[in-house]
Amino acid sequence: YYIIHVRGVGKTTLVRKASEALASSGAAVGGFYTEEVREGGRRVGFDVVVTTTGERGCLSRIKDPAASASQGGREYKVGQYVVDLTSFENLSLPLFRSMGLPTQGDGRKVFVIDEIGKMELFSQPFIREVRQTLDSPRCAILGTIPISRGPPPALVEEVRGRSDVRVFTVSKDNRDVILPDIVSAVQECLTHSS
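Residues numbered from 1 in each chain as written. Predicted model: local features only at pLDDT ≥ 70, side-chain atom pairs only at ≥ 80, totals over all residues. Heavy atoms only, no water.

As annotated in an unreviewed UniProt entry, the chain carries the name Nucleoside-triphosphatase, cancer-related and comes from Gadus morhua.

Next comes the structure, spelled out in structure tokens:
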């Protein structure tokens, strides 16, 4: 499994390019990536985007101060962003399940998880699905984990510490040249698993 370890250097762009290259090589690529949502040049949140269809769902938005605090249920926040757990789970969880289905062609599968971060980790079903997918031989994973400013979340540390995970640390200095290394490493993994 291949995990990209970055903060603020274009990880989603890199994941999308790697996904496109892998799909062009004949691998079935599924999963999701996160994308900033901007209004008037200002970031107002993040969406989850399905790699194969472009379908979008809300991951988080800046809290509207005019919104009522009593909307029921627990509010999950990361900084100024309120996580829409229902939207995230409704879009992302079925993708994990679909990776177990048969594919056309040679059966090589890559599952994209961008990202295994604080917002996503409010979801216990997401945590279970990530662990099950990491433990399953059904696909190679191309994922991202954050570089934490403080102690990393437990699942991030667990993923980073696995012996079957290779971590690529991406920086502004190497982000434009590391793509072939990531694609080659995932293709090698697919060769060994098929």
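1. Remarks on the overall build of the chain
Scanning the chain for helices and strands turns up 5 helices and 9 strands. A buried classification covers 47% of the 194 residues belonging to the chain. Summarising the internal contacts of the chain: among those between residues at least 6 apart in sequence, 65% fall at separations of at least 24. Only carbon and sulfur atoms are counted for the fraction: they give 48% of the accessible area of the chain, which is about 10000 Å². (Helix = DSSP H or I, 4+ residues; strand = E, 2+ residues; numbered from the N terminus. Buried < 20%, exposed > 50% of the residue type's maximum accessible area, 1.4 Å probe, protein only. Contact = heavy atoms within 4.5 Å. Areas by Shrake-Rupley, 256 points an atom, 1.4 Å probe, with all protein chains shown as cover.)

2. Comments concerning the environment of lysine 118
Within the secondary structure, lysine 118 is located in the loop between strand E7 (109–113) and helix H3 (124–135). Lysine 118 sits in the exposed class, given a relative accessible area of 52%. Those residues in contact with lysine 118 that sit more than four places away from it in its chain are Val78 and Pro153.

3. Regarding the nonpolar core
Where a protein is soluble and globular, its nonpolar side chains tend to be buried together. Ranked by internal contacts, the top residues of the largest apolar core, which has 31 residues, are Phe32, Ile113, Ile116, Phe126 and Val130. Of all the secondary structure elements, the ones that give two or more residues to this core are strand E3 (42–50), strand E6 (81–83), helix H2 (85–98), E7, H3, strand E8 (140–146) and helix H4 (154–161). Looking at this core element by element, the count peaks at 6 residues for H2. (Core = buried A, V, L, I, M, F, W, Y, C linked by side-chain atoms within 4.5 Å.)

4. Quick notes on the packing of aromatic side chains
As enumerated under the stated definition, the model contains 7 aromatic pairs in all. Look at phenylalanine 32 and phenylalanine 88: their rings are 5.9 Å apart centre to centre, the planes differ by 80°, and that puts the pair in the edge-to-face class. With phenylalanine 32 in strand E2 (residues 28–39) and phenylalanine 88 in helix H2, the pair connects residues that are 56 residues apart, well separated along the chain. Phenylalanine 32 sits in the buried class, given a relative accessible area of 0%. The exposure class of phenylalanine 88 is buried, given its relative accessible area of 0%. For the ring pair phenylalanine 96 and phenylalanine 126, a centre distance of 5.8 Å and an interplane angle of 75° mean the geometry is edge-to-face. You can see phenylalanine 96 sitting in helix H2 and its partner phenylalanine 126 sitting in helix H3, a full 30 residues away along the chain. Through a chain of ring-to-ring contacts, the aromatic side chains of Phe32, Phe88, Phe96, Phe111 and Phe126 assemble into a single cluster. (Phe/Tyr/Trp six-rings, centres within 6.5 Å; stacked < 30°, edge-to-face > 60°.)

5. A closer look at H4
Along H4, the positions that sit buried rather than exposed are Leu155, Val156 and Val159. Relative to the axis of H4, the buried residues are bounded by an arc of 100° and lie together on one face. With respect to the buried face of H4, the exposed residues turned more than 90 degrees away are Ala154 and Gly161. (Arc of directions from axis to C-beta.)

6. Thoughts on the confidence of the model for the chain
Counting all residues, the mean pLDDT for the chain is 86, and 86% of those residues have values of 70 or more. The weakest mean pLDDT in the chain belongs to strand E1 (residues 2–6) at 59; the strongest belongs to strand E4 (residues 56–62) at 97. (pLDDT = per-residue confidence, 0-100.)

7. Considering the pattern of salt bridges
Pairing of side chains with opposite charge becomes possible as their charged atoms draw close. This model, assessed by the stated rule, comprises 14 salt bridges. In this structure, arginine 43 and glutamate 36 form a salt bridge, with 2.9 Å as the shortest nitrogen-oxygen distance. Residue classification places glutamate 36 among the partly exposed residues on the basis of a relative accessible area of 35%. For arginine 162, the salt bridge is made with aspartate 164, and the minimal N-O distance between the two is 2.8 Å. Among the residues examined, arginine 162 registers a relative accessible area of 19% and is labelled buried. Here the residues in one salt-bridge network are Arg16, Glu35, Asp47, Arg56 and Arg61, joined through shared partners. (Salt bridge = Lys/Arg side-chain N within 4 Å of Asp/Glu carboxyl O.)

8. Remarks on H2
The end-to-end C-alpha separation of H2 is 20 Å, in line with the 20 Å expected for 14 residues at 1.5 Å each. Looking only at H2, the buried set comprises Leu85, Ser87, Phe88, Glu89, Leu91, Ser92, Leu93, Leu95 and Phe96. (Expected span 1.5 Å × (residues − 1).)

9. Things to note about the pairing of E7
E7 sits mainly inside the fold: 5 of its 5 residues count as buried. Two strands pair when backbone bridges link them, and E2 and E7 are joined in this way by 5 bridges, in the parallel orientation. When the sheet's bridge partners are listed, glycine 30 is paired in E7 with phenylalanine 111. Two strands pair when backbone bridges link them, and E7 and E8 are joined in this way by 4 bridges, in the parallel orientation. From the neighbouring strand, isoleucine 113 faces E8, where its bridge partner is glycine 143. (Pairing = 2+ DSSP bridges.)

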